[in-house]
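# Inside the fold
Residues per chain are reported as follows:
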Amino acid sequence: MKKVLTIAGSDCSGGAGIQADLKTMTAHKVYGMSVITALTAQNTTGVYGIFDASAEFIARQIDCVFTDIRPDAVKIGMVSSAEIIKVIAEKLREYKAENIVVDPVMVSTSGSRLLNEDAISALTGCLLPVADLITPNIPEAEVLCGFEIKDRTDMTRAALKITSVIKRAALIKGGHFEDCADDILCSASGDISWFKCDRVKNDNTHGTGCTLSSAIACQLALGNDMPESIRRAKEYVTGALAAGLDLGNGSGPLDHCYRL
């Protein structure tokens, strides 16, 4: 059985973060493991508190995983401080981790800020360069590229700029656009690929970014190449949205286990 590790924050309401990642891994029939970077008090209406784990304890969790059940892929989500970001990057280099997918979580679906300002330089300078793929949404890509993204032309410019800086592949997600959900992949060498997708009419999108990045990591662990992993992961997320789960008073979670 293939093994996938998620390094991310916990979502007590179960729709995003560690909980969404582990559900996604179960749906892909891989063995899921987790390193928890933070506890969050959140639900479908917003984030109401964050309690970070210490960098030392996060390092200890990573040690325990890699020295016993080595993962075939790693997904990284919420990392809220420069100290945490640096220790994760150091440990991944130490263990020569493979198939690393980083979802640079800066803003939650409900609009809450999840990444401290002083951590952005550590993210771009330390963590993103160890990834095989990063998966920013439009607002996150705007932070990384430094300009506003209004259309597909802007997405292309942003993807090229981001990859030129971090020297790694970037998948910019178009889910914030109203007319489609097209994503653009820019390889580390600057090759562009588009993944076109019709928008699913469902306002319950809590945890979509976590779910997509985890699904990509699962597909990479299963041996698929990057474009095929993204295609299959998008197909999975589209199905989880189309299942029409409706929970909570805000932007509800996906039906991660719709295939089971």
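For the structure, check the block above.
As the structure is a computational prediction, the values presented were derived from the model and not from experiment. (Residues numbered from 1 in each chain as written. Predicted model: local features only at pLDDT ≥ 70, side-chain atom pairs only at ≥ 80, totals over all residues. Heavy atoms only, no water.)

## Quick look at the overall build of the protein chain
We count it as follows: Secondary structure elements are taken from DSSP: a helix is a run of H or I of four residues or more, a strand is a run of E of two residues or more, and numbering for both begins at the N terminus. What the globule rule says is 2.2 Å times the number of residues to the power 0.38, and the radius of gyration is computed from C-alpha atoms. Under the scheme applied here, a residue whose accessible area is under 20% of the maximum for its type counts as buried, over 50% as exposed, and between as partly exposed, the area being computed with a 1.4 Å probe on protein chains only. In this description, contact between two residues means that some pair of their heavy atoms is separated by no more than 4.5 Å. The accessible surface values rely on the Shrake-Rupley method and a 1.4 Å probe; as for residues, cover is taken only from the protein chains in view. As used throughout, the charge tally considers Lys and Arg to be positive and Asp and Glu to be negative, leaving His and the chain termini uncounted. Working definition for charges: the position is that of NZ of Lys, CZ of Arg, CG of Asp or CD of Glu.
When helices and strands are counted, the protein chain shows eight helices and nine strands. Here the protein chain has a C-alpha radius of gyration of 17 Å; the compact-globule value for 260 residues is 18 Å, and the two agree. Counting only C-alpha atoms, the protein chain reaches 45 × 40 × 35 Å along its principal axes. For the protein chain, the proportion of its 260 residues judged to be buried stands at 56%. Relative to all contacts within the protein chain whose residues are 6 or more apart in sequence, the contacts with residues 24 or more apart total 67%. For the protein chain, the accessible surface area stands at approximately 11200 Å², while carbon and sulfur atoms represent 50% of it. Taking the average place of the 26 positive charges on the side chains of the protein chain and the average place of its 32 negative ones, the gap between the two points comes to 4 Å.

## Topic: the packing of helix 5 (residues 138-145) against helix 6 (residues 152-166)
Filter applied, for reference: Throughout, an axis means a line fitted to C-alpha atoms (over the contacting stretch in the case of helices), and angles, computed between N-to-C directions, take values from 0 to 180 degrees. Orientation labels follow simple angle bins: below 35 degrees gives roughly parallel, above 145 gives roughly antiparallel, 65 to 115 gives roughly perpendicular, and whatever is left gives oblique. Should the near helix be turned anticlockwise from the far one by less than a right angle, the crossing is termed left-handed; should it be turned clockwise, right-handed. Under this grouping Gly is polar, as are all residues other than the nonpolar Ala, Val, Leu, Ile, Met, Phe, Trp, Tyr, Cys and Pro and the charged Asp, Glu, Lys and Arg.
In the contact formed by helix 5 and helix 6, the axes pass within 9 Å of each other and the chain directions differ by 55 degrees. Relative to helix 6, the element helix 5 lies oblique. The crossing of helix 5 and helix 6 is left-handed. Between helix 5, through I138, A141, L144 and C145, and helix 6, the contact on the second element is made entirely by M155, A158, K161 and I162. The class makeup of the residues in the contact of helix 5 with helix 6 is seven nonpolar, no polar and one charged.

## Let's talk about the pattern of salt bridges
Two side chains carrying opposite charge are able to pair once their charged atoms lie near each other. The line we're drawing: Between Lys or Arg on one side and Asp or Glu on the other, a salt bridge is scored when a side-chain nitrogen of the former is within 4 Å of a carboxyl oxygen of the latter.
Under the defined criterion, the tally for this structure stands at 13 salt bridges. Linking D183 and K234 is a salt bridge whose minimum nitrogen-to-oxygen distance equals 2.9 Å. In this pair, D183 sits in strand 8 (residues 183-186) while K234 sits in helix 8 (residues 226-242), placing the two residues 51 residues apart along the sequence. With relative accessibility at 3%, the residue D183 sits in the buried group. Looking at K234, the relative accessible area reads 11%, which means it is buried.

## Digging into the sheet that holds strand 2 (residues 31-43)
Put simply, the rule is: Paired strands, in this sense, are two strands between which DSSP finds at least two bridges.
The strand order across the open sheet formed by nine strands is 3-2-1-4-5-6-7-8-9, and the pairing between neighbours is mixed. Each edge of the open sheet carries a strand with a single partner, namely strand 3 (46-52) and strand 9 (192-195). Of the strand pairs in this sheet, strand 7 (residues 169-172) and strand 8 are connected by three bridges, and their pairing is antiparallel. For A170, the partnering residue across the bridge sits in strand 8 and is C186.

## A short note on the nonpolar core
Note the threshold: We define the nonpolar core as a collection of buried residues of types Ala, Val, Leu, Ile, Met, Phe, Trp, Tyr and Cys that are connected through side-chain atoms lying within 4.5 Å of one another.
Within the largest apolar cluster, 51 residues are counted, with the highest numbers of intra-cluster contacts made by I76, I88, L92 and L127. Here this core gets seven residues from one element, more than from any other, and that element is helix 3 (residues 82-94).

## Some points on the packing of aromatic side chains
Here is the rule we go by: Pairing of aromatic rings covers Phe, Tyr and Trp, the last counted by its six-membered ring, and requires centre-to-centre distances within 6.5 Å; plane angles under 30 degrees mean stacked, over 60 mean edge-to-face, and any other angle means tilted. Throughout this description, the term charge over a ring refers to an Arg CZ or Lys NZ atom that lies within 6 Å of the ring centre and within 35 degrees of the ring normal.
The full count for this structure, using the stated rule, is two aromatic pairs. Plain terms: the ring middles of F66 and Y95 are 5.1 Å apart, the flat faces sit at 10 degrees to each other, and that makes the pair stacked. Of this pair, F66 sits in helix 2 (residues 55-66) while Y95 sits in the loop between helix 3 and strand 5 (100-102); the two residues are 29 residues apart in sequence, bridging distant segments of the chain. Here F66 matches Y95 in class, with each residue buried. Looking at R152, its charged tip hangs above the ring of W194, at a distance of 3.8 Å from the centre. Note that R157 overlies the ring of F147, its terminal NZ or CZ placed 4.1 Å from the centroid.

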